[in-house]
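The primary structure of each chain is shown beneath.
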Amino acid sequence: MSGNSFLPRKIHSLLGVIPLGLFFIEHALTNYSAFEGGQEGFKDSVEFLHSLPLIFFLELFLIWLPILFHGVYGLYLAFTSNLNVGRFNYGRNWAFALQRISGVFTFIFVIWHVWQTRVQVALGNTTNEEIGQHMHDIVTQPGFFILYFVAVIAATFHFANGLWAFLVSWGITIGPRAQKVSSRICMGIFVIVAVLFILSLFAFRGDEFASASAAIGSLSSAVLG
Amino acid sequence: MAETATATAKRTVKFIITRRETPDSAPYTEEFDIPYRPNMNVISALMEIQRNPVKADGTKTTPVVWESNCLEEVCGACSMVINGKPRQACSALIDNLEQPIRVAPMTTFPVVRDLVINRERMFNALKRVKAWIPIDGTYDLGPGPRMAESKRQWAYELSKCMTCGVCLEACPNVNDRSSFIGPAPISQVRLFNAHPTGEMNAHERLEALMTDGGIEGCGNSQNCVRSCPKGIPLTTSIAAINKDTTKHMFKRWLGM
Ligand code: HEM
Ligand code: SF4
Ligand code: FES
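Residue numbering note: each chain is counted from 1, following its sequence as written. Throughout, the order in which chains and ligands are written sets their labels, letters from A for the former and numbers from 1 for the latter. In keeping with the predicted nature of the model, local features appear solely for residues at pLDDT of at least 70, side-chain atom pairs appear and are counted solely at 80 or more, and the whole-chain, interface and lining totals rest on all residues. Each side-chain value is derived from all of the structure's non-hydrogen atoms; neither hydrogens nor water enter the calculation.

### Looking at the domain arrangement of chain B
Residue and element names in this part refer to chain B. Rule in force here: For the domains described, the bounds stem from an automatic or database domain assignment. Two residues form a contact once any of their heavy atoms are found within 4.5 Å. By buried area we mean the combined loss of accessible area, with a 1.4 Å probe, across both parts when two parts are placed together.
Domains assigned within chain B are domain 1 (2–117) and domain 2 (120–254). Distance from the C-alpha centre of domain 1 to the C-alpha centre of domain 2: 32 Å. The interface of domain 1 with domain 2 comprises 13 residues on the first partner and twelve residues on the second. Summing the contributions of domain 1 and of domain 2, the shared interface buries around 990 Å²; its carbon and sulfur component is 59%. It is Pro86, Thr108 and Phe109 that lose the most area in domain 1 upon contact with domain 2, and together they represent 49% of the buried surface on that side.

### A few points about the pattern of salt bridges
Residue and element names in this part refer to chain B. The condition that has to hold: In the sections that follow, a salt bridge refers to a side-chain nitrogen of Lys or Arg positioned within 4 Å of a carboxyl oxygen of Asp or Glu. The helix and strand labels rest on DSSP assignments: H or I over at least four residues marks a helix, E over at least two residues marks a strand, and numbering proceeds from the N terminus. Three labels apply to residues, based on accessible area from a 1.4 Å probe with only protein chains included: buried if under 20% of the type maximum, exposed if over 50%, partly exposed otherwise in between.
Per the stated rule, a full pass over the model turns up twelve salt bridges over all chains. Across the pair Lys14 and Asp33 runs a salt bridge, and its minimum N-O distance is 3.0 Å. You can see Lys14 sitting in strand S1 (residues 12–19) and its partner Asp33 sitting in strand S2 (residues 28–35), a full 19 residues away along the chain. With its nearest N and O atoms 3.0 Å apart, the salt bridge here joins Glu157 to Lys160. A relative accessible area of 30% places Glu157 in the partly exposed class.

### Details of the environment of Glu67(B)
As for its placement among the helices and strands, Glu67(B) is situated in the loop between helix H2 (42–51) and strand S3 (79–82). Counting along the chain gives 48 residues from Glu67(B) to Leu115(B), while the straight-line C-alpha distance between them is 7.4 Å.

### Considering a nonpolar patch on the surface
Note the following rule: Patch membership requires over 30% relative accessible area and the absence of a salt bridge. Like charges are linked within 9 Å, and nonpolar side chains (Val, Leu, Ile, Met, Phe, Trp, Tyr) within 5 Å. Residue-level accessible areas treat just the shown protein chains as cover; the underlying method is Shrake-Rupley with a 1.4 Å probe.
Together, Leu54(A), Phe56(A), Phe57(A), Leu58(A), Phe61(A), Leu62(A), Leu65(A), Leu68(A) and Val72(A) line one region of the surface with nonpolar side chains, adding up to about 890 Å² of accessible area. Structurally, the position occupied by Phe56(A) is in helix H3 (residues 55–79).

Printed below as a string of structure tokens:
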């Protein structure tokens, strides 16, 4: 990249946490309401979000534009990195490699996931009220369940390890001890947020989210457990 | 090594060396069986090949070319990849290495021939970040301010850098798709900015690292700090300079 890449890199780093990291946590909690509050709880959470004022601009400036910039610049960063864990088999080097692999994987998954959910709402194939049943129909298919399972783990790792890197990139954690402590905390965040997502995936598989019209879907979910 | 000394001169050490004739020619490997001597290191093995350039299969070859100076791990000239890890050949003792010993040039740098590389970018990087203390004036500037002893102690550790290039070879972000300057010069900025006189030009060094290929190229793999033969706390330096460049960015915005 020509010119001054300091500023774009700083913006990339900041966007990863604010707003994308915050949105990511919000997403985990909203989904988790499907586990905690079932069909009703999830519906309430989704309704609350869509009742926010200026929702179009909130989505645009807090999600779409940041993820576009962070994602595209992230792809560029991943492309300019070598992966050398074979020669340097160290924990932090693995985290470095996984940060890039999970980033590229997340990029592809997010496109698919947005197509399968948000775009389907926009096209009128499903609605915000029915999105729970829609998810049920998706994750009761074994292939999609595995895809979503792997994707939430990859994305959560990317977020949690990214938080660790953010603290270094902005000079907040400087010495080895500070970085070790923050790495423990970030891995704790990884486990907690990943569990939230996984529990919600299982919740969506439950019969409660099966819609009456999609009897075939619920039948297959009963067979698959 | 009393036990190895008794194991007579018949013992040999197997070497697999990655060579090339010219900077652009294709690399190839050659095997050597070198007579074992107690306490030998990779340099003395290369000297043996120079004396008697015969491959393991008995055929003659050209002597392997390498660079070395100090022979005590302070000049950095003999840096190469030994059994997969970049390090100094002069401090690589044969007794501590697994055999066959694989020796290759550090290909992050342009290879001149065999194990000789061109480390010019290391020195260009030091020029770029102004890794010196400007003391020239048109009159006697007098003695500079003193450095606190507590600061001198950690700054001394940073001054041990011998521009060997090992940290760049270990870094996954130093490659031909990226213009990243590498860990060593970032740590040198911290060193010269810590100096009470050097500090007067701190902003110039920070600004040099805030241009293309500067500190933003670091992706925190932290291989550098695990590879540096001098034990320089490179990742601490990088994070500290991350803090300083970030502060500098805000100060410039605010016109301070
Ligand atoms: C859409 C696809 C995405 C791609 C291709 C991507 C790629 C990357 C890459 C390559 C890095 C490493 C930068 C470096 O260490 O030098 C990174 C860092 C980061 N990413 Fe992403 N990312 C994506 C999505 C996300 C999302 C959705 C989030 C929020 C949950 C996120 C949060 C972060 C954070 C916090 C960092 C650390 C920033 C830093 O190093 O200072 N990323 N991303
Ligand atoms: S920081 Fe260490 S590894 Fe890097 S050039 Fe200096 S001495 Fe070599
Ligand atoms: S010859 Fe100077 S470091 Fe090896």
